[in-house]
Amino acid sequence: MPEIAEVARVVHFLRLHLVGKTIGKVVAPDDSNVFGKVGTSGPAFAKALTGKTVVSVGSQGKYFWMVLSTPPHPVMHLGMTGWVQIRGVQTGYTRYLERTKGHDAEEWPPKYFKFRLETDGGEESKTEVAFTDSRRFGRIRLVDCPGEDIRRHSPLVENGPDPVIDQDVFTEEFLRRKMKSRHVPVKALLLDQSTVSGIGNWVGDEILYQAKLHPEQYCDDFDDADIAALYSAVRYVCQTAVDKLGDSDQFPEDWLFKHRWGKGKKDSPTTLPNGDKITHITVGGRTSCVVPSVQRKRGRATVDDFKEEESATPAEGAESRFFDGKKKKKANSYRKSELQLEEAEGRPLERPRNTKRKVAKQEDDEPKPAPVPEASPKSSKSKKGEKPVEPPSDLGRRRSSRLSRTSA
């Protein structure tokens with residue numbers, strides 16, 4: 001999932017190629033997920049943008065937006081696989097290009113575009129931009145407010161401060177208060193977008209590695225020195241990643257990022273260059289990369305000891321007792337991704353309810369057919385000249401006794 005650094009990269013290219021230009025044409029096929037789940041539609045989005053001038057582009061954590069000459073303004077979230085393409089410009093970061101093999105940049109319009117727009121002007125000055133999302137977990141909404149007030153409206157107002165942009169808010173004391181007021185694993189606290197915006201899985205792992213803290217240790221069980229180390233690591237990792245625009249080729253060589261991607265891959269390294277072993281555990285339903293020799297537990301944690309997750313057998317990873325584990329069935333993978341997206345957007349997780357008890361209760365409440373009374377010895381003999389009345393059949397609807405006597 002794109003995180004704070006990747007969003008900074010998108011914002012950089014939009015500012016470079018789109019600000020100050022007027023949008024002349026927008027194509028946005030309706031999508032019930034990307035547009036519909038946040039209260040708009042493709043046609044409404046196209047109508048809102050056509051003819052408007054892009055005044056500025058901003059971001060907060062994993063969200064970014066364009067301020068137009070008049071409201072409403074588009075606010076976007078890349079979801080799991082979303083990206084912004086600009087025709088003739090290589091906007092992708094290293095891992096994105098590895099995943100897509102560069103196909104998005106070669107074809108236009110891109111295969112999985114959710115909207116594409118063109119600016120006014122001749123062929124030489126025209127800019128074409130497309131928002132792509134193959135898995136449809138991205139979100140594109142319209143916020144109707146003055147451009148300078150976007151961050152005072154949903155969904156941005158529910159999110160925590162951006163550790164790079166909001167340095168006056170995200171202070172060491174702010175982080176200390178958040179940590180002492182919660183009782184969750186520190187990795188889960190960092191991933192909570194209502195606490196800090198923009199930190200996702202790989203950024204969270206890098207922060208904890210640089211701070212030498214274990215992801216399963218409870219956030220309210222760190223001393224002041226640990227909190228200071230964590231704050232410094234958040235600022236250092238996020239600022240460096242944003243400054244490099246998410247280009248991992250330029251990340252420092254001592255970062256865990258350079259060595260964390262070997263899980264489950266044949267012949268991939270499972271140690272750091274100095275020989276320290278890399279393991280993978282599950283914290284908060286997310287795979288976490290840990291170097292046990294560096295990140296030792298020094299307080300209460302979700303589990304006292306964890307089992308190492310072998311690279312060749314990722315299904316054997318240790319599971320934190322604090323969170324529900326990931327299901328192994330493919331049928332649940334779509335729901336898991338939705339939960340991760342909700343977590344990334346800072347929304348409360350809605351987990352499927354167990355309906356077995358309800359079904360059983362409904363079955364108990366269904367009316368049961370009344371038992372047929374047994375005939376007494378006195379009534380077993382029929383009167384002279386009267387035909388015995390046959391008991392109603394158990395199949396189909398029961399006939400009333402009046403109809404039975406009439407037909408007799």
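Scroll up for the structure.
Computed from a predicted model, the values in this text were never measured in an experiment. (Residues numbered from 1 in each chain as written. Predicted model: local features only at pLDDT ≥ 70, side-chain atom pairs only at ≥ 80, totals over all residues. Heavy atoms only, no water.)

Examining unusual backbone geometry
With the exception of glycine, most residues fall at negative phi, and the peptide bonds are largely trans. Of note, the bond from Pro71 into Pro72 is cis; its omega dihedral lies within 30 degrees of zero at 0°. Assignment of secondary structure puts Pro72 in the loop between strand S3 (63-68) and strand S4 (73-77). Look at the link from Ser154 to Pro155: it is a cis peptide, with omega at 10°. With respect to the helices and strands, the residue Pro155 is situated in the loop between strand S8 (139-143) and helix H5 (172-180). Notably, Arg136 is not glycine yet its phi reads approximately 65°, a positive angle. Mapped onto the secondary structure, Arg136 falls in the loop between strand S7 (128-132) and S8. Even without a glycine there, the phi angle at Lys212 is positive, about 60°. Looking at the secondary structure, you find Lys212 in the loop between helix H7 (201-211) and helix H8 (224-243). (Helix = DSSP H or I, 4+ residues; strand = E, 2+ residues; numbered from the N terminus.)

Observations regarding the packing of aromatic side chains
Applying the stated criterion to the full structure yields 11 aromatic pairs. When the centroid spacing of 4.7 Å and the interplanar angle of 70° are considered together, the rings of Trp202 and Phe257 count as edge-to-face. Placement of the pair is Trp202 in helix H7 and Phe257 in the loop between H8 and strand S9 (279-283), with a sequence separation of 55 residues. Just as Trp202 is buried, Phe257 falls in that class too. A ring pair is formed by Phe251 and Trp255, whose centres lie 5.0 Å apart and whose planes are at 45°; its orientation type is tilted. As far as burial versus exposure is concerned, Phe251 and Trp255 are alike and both buried. (Phe/Tyr/Trp six-rings, centres within 6.5 Å; stacked < 30°, edge-to-face > 60°. Buried < 20%, exposed > 50% of the residue type's maximum accessible area, 1.4 Å probe, protein only.)

A few points about the packing of H7 against H8
The contact between H7 and H8 brings their axes to 8 Å, and the two run at 130°. Here H7 lies oblique to H8, going by the angle between them. For the element pair H7 and H8, the recorded crossing hand is right-handed. Residue-level inspection shows Trp202, Val203, Glu206, Ile207, Leu208, Gln210 and Ala211 of H7 in contact with H8, the latter providing Ala229, Leu230, Ala233, Val234, Tyr236, Val237, Cys238 and Ala241. Classifying every residue of the contact of H7 with H8 by side-chain character gives 13 nonpolar, one polar and one charged. (Axes fitted to C-alpha atoms, helices over the stretch in contact; angles between N-to-C directions. Parallel < 35°, antiparallel > 145°, perpendicular 65-115°, else oblique. Left-handed = near helix turned anticlockwise from the far one by under 90°. Contact = heavy atoms within 4.5 Å. Nonpolar A, V, L, I, M, F, W, Y, C, P; charged D, E, K, R; others polar.)

Things to note about the environment of Leu189
Tracing the chain through its elements places Leu189 in helix H6 (residues 186-191). Of the residues examined, Leu189 reaches a relative accessible area of 1% and is grouped as buried. When neighbours within four sequence positions are excluded, Leu189 is seen to be in contact with Lys178, Met179, Arg182, Val184, Thr195 and Cys219.

Things to note about the sheet that holds strand S2 (residues 54-60)
If you trace the four strands from one edge of the open sheet to the other, you get S2-S3-S4-S8, paired in antiparallel fashion. Here the strands that pair on one side only, and so sit at the sheet edges, are S2 and S8. If you compare each strand with its neighbour and ignore which way they point, the axes differ by 20° on average. For S3 and S4, the ladder comprises three bridges, and the chain directions are antiparallel. (Pairing = 2+ DSSP bridges.)

Some points on the nonpolar core
The biggest cluster of nonpolar side chains holds 35 residues, and the ones touching the most others in it are Met179, Ile199, Trp202, Ile207, Leu230, Val234 and Cys238. Contributions of two or more residues to this core are made by helix H1 (4-17), H5, H6, H7 and H8. Of the residues forming this core, the biggest block, nine residues, is contributed by H8. Once you skip the residues sitting within four places of it in the chain, Val234 turns out to touch Pro163, Phe170, Leu190, Ile199 and Ile207. One finds Val11, Phe45, Phe64 and Val84 within the second-largest nonpolar core, a separate group that totals 32 residues. (Core = buried A, V, L, I, M, F, W, Y, C linked by side-chain atoms within 4.5 Å.)

Some remarks on the sheet that holds strand S1 (residues 23-27)
The antiparallel open sheet is built from four strands, whose spatial order is S1-S6-S7-S5. A single partner strand is all that each edge strand has here, and the edge strands are S1 and strand S5 (83-86). In this sheet, neighbouring strand axes are inclined to one another by 20° on average, regardless of whether the strands run parallel or antiparallel. The sheet contact formed by strand S6 (residues 113-119) and S7 spans five bridges and is antiparallel.

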